[in-house]
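Residue-level listing of the chains:
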Amino acid sequence: MSRPLIGITTSDYKSQLAWCFDWFAVWRHGGKPLRLSPSRPLPEHLDGLIIGGGDDIQAHLYGGEVQLDVRLDPARDELELSLLNRFIPQNTPVLGICRGAQLINVHLGGTLDPDIYTTHEGLKRRRTVLPRKTVDIVGGSQLYQLLGVTWCRVNSLHHQAVDRPGDGLKVVAQDRDDLVQAIESERHPFLIGVQWHPEFLLFSRSQQRLIRALVEAARHREAESREATARDVN
């Protein structure tokens with residue numbers, strides 16, 4: 001059985017460790033990972049897409065106030081927005097991870113909380129790849145169906161978060177501080193963003209089910225594309 005091609009966005013100048021974990025997570029579940037960054041040529045097609053974690057998103061893209069002392073990657077913003085503009089209308093399965101969830105929200109007209117530690121007084125600072133944060137999943141959501149749990153423990157590497165959901169998106173997970181931790185589309189068959197990093201949670205069955213679900217959705221999409229091509233040829 002062929003492996004569906006899964007594009008994974010990264011920075012040009014860092015993200016090597018995150019890329020390795022993303023690569024392994026996708027390969028482990030039967031996908032063919034392809035690294036995408038501003039300097040790399042884009043493929044003609046993808047069966048699935050992961051918008052990966054990384055730097056902050058430029059504030060002007062969501063009407064926010066410019067933040068000082070933050071890391072930005074304008075070339076990556078442009079790349080990822082163009083990928084979403086291209087592949088969402090094709091119903092390509094898309095998973096946003098951390099920054100990726102925020103980017104999906106911005107692409108669909110949503111806004112971000114530019115710094116959760118200044119907008120939420122007394123919020124405990126958490127920055128760890130270990131599952132130390134409790135997240136509650138909305139029952140009946142697609143994310144709930146995929147993870148198979150009503151709550152889970154996740155890692156936390158962000159200081160920005162989704163504020164107002166974009167067009168067609170709904171909040172499907174929050175942490176115990178009421179911060180948005182996951183969004184999903186009400187219109188797209190597989191368009192999900194999670195604020196945590198499932199690729200780092202190698203031994204969490206629920207988190208690995210999320211990666212596997214993306215690969216399986218991409219495999220289904222690949223099969224549909226082959227059937228459509230065969231019909232056109234005949």
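In what follows, the structure referred to is the one given above.
Residue numbering note: each chain is counted from 1, following its sequence as written. Totals for whole chains, interfaces and linings use every residue, but because this is a predicted model, local features are given only for residues with pLDDT of at least 70 and side-chain atom pairs only at 80 or more, for both listing and counting. Water and hydrogen atoms play no part in the side-chain values, which are based on all heavy atoms of the structure.

**Notes on the pattern of salt bridges**
Any two side chains of opposite charge can pair, given that their charged atoms come close. A pair is scored as a salt bridge if a Lys or Arg side-chain nitrogen falls within 4 Å of a carboxyl oxygen belonging to Asp or Glu. All chains considered together, the criterion is met by 11 salt bridges. Taking the shortest distance from any N to any O, the salt bridge between arginine 76 and glutamate 80 comes out at 2.7 Å. Placement of the pair is arginine 76 and glutamate 80 together in helix H2 (residues 74–87), with a separation of 4 residues, close to one helical turn. Categorising residues by exposure relies on relative accessible area from a 1.4 Å probe, with only protein chains included: less than 20% of the type maximum marks a residue as buried, more than 50% marks it as exposed, and the intermediate range marks it as partly exposed. A residue is classified by how much of its surface remains accessible, and arginine 76, at 1% relative accessible area, is buried. Glutamate 80 is the salt-bridge partner of arginine 99, the closest N and O atoms lying 2.8 Å from each other. Taken as a pair, arginine 99 in helix H3 (residues 99–107) and glutamate 80 in helix H2 lie far apart in primary sequence, 19 residues in all. Taken together, the shared-partner salt bridges in this structure form one network comprising Arg76, Asp77, Glu80 and Arg99. Numbering of helices and strands starts at the N terminus; helices are DSSP runs of H or I of at least 4 residues and strands are runs of E of at least 2.

**Overview of the sheet that holds strand E7 (residues 151–156)**
Here, a strand pair is defined by DSSP locating no fewer than two bridges between the strands. As summarised here, the arrangement of the 9 strands in space is E2-E1-E3-E4-E11-E10-E9-E6-E7, forming an open sheet in which the pairing is mixed. In this open sheet, the two edge strands, each paired with only one partner strand, are strand E2 (32–36) and E7. Strand-to-strand twist of the sheet, defined as the mean angle between neighbouring strand axes without regard to direction, takes the value 25°. As judged from the 3 bridges shared by strand E6 (residues 128–137) and strand E9 (residues 169–175), these two strands associate in the antiparallel manner. Under this scheme, a helix contributes an axis fitted over its contacting stretch, all axes are lines through C-alpha atoms, and angles between N-to-C directions fall in the 0 to 180 degree range.

**So, the pairing of strand E11 (residues 191–194)**
Burial along E11 is two-sided: the residues Leu191 and Gly193 and Ile192 and Val194 are all buried. Across 4 bridges, the pairing between strand E4 (residues 94–97) and E11 is parallel. Residue pairing across strands places valine 94 opposite leucine 191, the latter belonging to E11. Both strand E10 (residues 180–185) and E11 contribute to a ladder of 3 bridges, which runs antiparallel. Its bridge partner being in E11, isoleucine 183 is matched across the sheet by glycine 193.

**Brief notes about unusual backbone geometry**
Even without a glycine there, the phi angle at cysteine 98 is positive, about 55°. Checked against the element boundaries, cysteine 98 lands in the loop between E4 and H3. Accessibility expressed as a relative area gives 6% for cysteine 98, which makes it buried. Backbone geometry at aspartate 178 places phi at a positive 65°, although glycine is not the residue there. Relative to the helices and strands, aspartate 178 resides in the loop between E9 and E10. A residue is classified by how much of its surface remains accessible, and aspartate 178, at 58% relative accessible area, is exposed.

**Let's talk about the packing of H2 against H3**
Here H2 crosses H3 at 65°, and the two axes come no closer than 10 Å. For the crossing formed where H2 meets H3, the hand is right-handed. On H3, the residues that touch Arg76, Asp77, Glu80, Leu81, Leu84 and Asn85 of H2 are Arg99, Leu103, Ile104 and His107. Gly is put with the polar residues, along with every residue not named as nonpolar or charged; the nonpolar set is Ala, Val, Leu, Ile, Met, Phe, Trp, Tyr, Cys and Pro, and the charged set is Asp, Glu, Lys and Arg. Per-class residue counts for the contact of H2 with H3 are 4 nonpolar, 2 polar and 4 charged. By definition, any crossing whose near helix is turned counterclockwise from its far helix by less than a right angle is left-handed, and any crossing with a clockwise turn is right-handed. Here, residues are in contact when the closest pair of their heavy atoms is within 4.5 Å.

**Description of the side chain of glutamate 222**
Following the sequence through the fold, glutamate 222 ends up in helix H6 (residues 205–233). Setting aside anything within four residues of it in sequence, one finds glutamate 222 in contact with Ser2, Arg3, Pro4 and Asp47.

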